[in-house]
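# Structural characterization, general
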Amino acid sequence: MNKELKEKIIQVCNDKIEKKGTNVGLSFYAFFKNKNDNPKLLMEAATWWIETHKLDHFEKAVKIKEMVLENK
């Protein structure tokens, strides 16, 4: 996972956890705007989420943050 995506995921997870608590869930789409302005990065996130880790559509933000910090 590239540095830009990793930093974005951690930032979004931190924001969601701060606003909604540790039980908040999110999908990989949470890391992007509603318009597809960076398809390469979106596909990298989708591949990591769906193919590499076979995660459900929604996962706990704390779980995703932990996975990224552990470089899984």
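Note that the structure is a prediction, hence the values are computed from the model and not measured.

### Points about the packing of helix 1 (residues 3–20) against helix 3 (residues 61–69)
- Closest axis-to-axis distance for the helix 1/helix 3 pair is 9 Å, and the angle between their directions is 150°. Classified by the angle their axes make, helix 1 and helix 3 are roughly antiparallel. Remark: the crossing between helix 1 and helix 3 carries left-handed chirality. Only Ala61, Val62, Ile64, Lys65, Val68 and Leu69 of helix 3 make contact with helix 1, whose side of the interface consists of Lys6, Ile9, Ile10, Cys13, Asn14 and Ile17.
- Partitioning the contact of helix 1 with helix 3 into residue classes produces 9 nonpolar, 1 polar and 2 charged.

### Some thoughts on the confidence of the model for the protein
- Per-residue confidence for the protein averages 93 on the pLDDT scale, and 99% of its residues sit at or above 70.
- The secondary-structure element of the protein with the lowest mean pLDDT is helix 2 (residues 39–52), recorded at 94, while strand 2 (residues 59–60) shows the highest, at 98.

### Some thoughts on the pattern of salt bridges
- In total, this model carries 2 salt bridges according to the counting rule given.
- Glutamate 59 is paired through a salt bridge with lysine 63; the nearest N and O atoms lie 3.2 Å apart.
- A relative accessible area of 11% places glutamate 59 in the buried class.

### With respect to the side chain of serine 27
- With respect to the helices and strands, the residue serine 27 is situated in the loop between strand 1 (25–26) and helix 2.
- With residues near it in sequence (within four places) discarded, serine 27 still touches Trp49, His57 and Phe58.

### Looking at unusual backbone geometry
- Residue lysine 54 is not a glycine yet carries a positive backbone phi of 50°.
- For lysine 54, the position within the fold is in the loop between helix 2 and strand 2.

### Quick word on the packing of aromatic side chains
- All told, the structure shown has 4 aromatic pairs when counted by the stated rule.
- Ring geometry for phenylalanine 28 and tryptophan 49: centres 6.1 Å apart, planes at 55°, overall tilted. Of this pair, phenylalanine 28 sits in the loop between strand 1 and helix 2 while tryptophan 49 is found in helix 2, placing the two residues 21 residues apart along the sequence. The pair phenylalanine 28 / tryptophan 49 is uniform in exposure class, with both members buried.
- A network of ring pairs unites the aromatic residues Phe28, Tyr29, Phe31, Trp48 and Trp49 as a single cluster.

Rules used throughout
- Residues numbered from 1 in each chain as written.
- Predicted model: local features only at pLDDT ≥ 70, side-chain atom pairs only at ≥ 80, totals over all residues.
- Heavy atoms only, no water.
- Axes fitted to C-alpha atoms, helices over the stretch in contact; angles between N-to-C directions.
- Helix = DSSP H or I, 4+ residues; strand = E, 2+ residues; numbered from the N terminus.
- Parallel < 35°, antiparallel > 145°, perpendicular 65-115°, else oblique.
- Left-handed = near helix turned anticlockwise from the far one by under 90°.
- Contact = heavy atoms within 4.5 Å.
- Nonpolar A, V, L, I, M, F, W, Y, C, P; charged D, E, K, R; others polar.
- pLDDT = per-residue confidence, 0-100.
- Salt bridge = Lys/Arg side-chain N within 4 Å of Asp/Glu carboxyl O.
- Buried < 20%, exposed > 50% of the residue type's maximum accessible area, 1.4 Å probe, protein only.
- Phe/Tyr/Trp six-rings, centres within 6.5 Å; stacked < 30°, edge-to-face > 60°.

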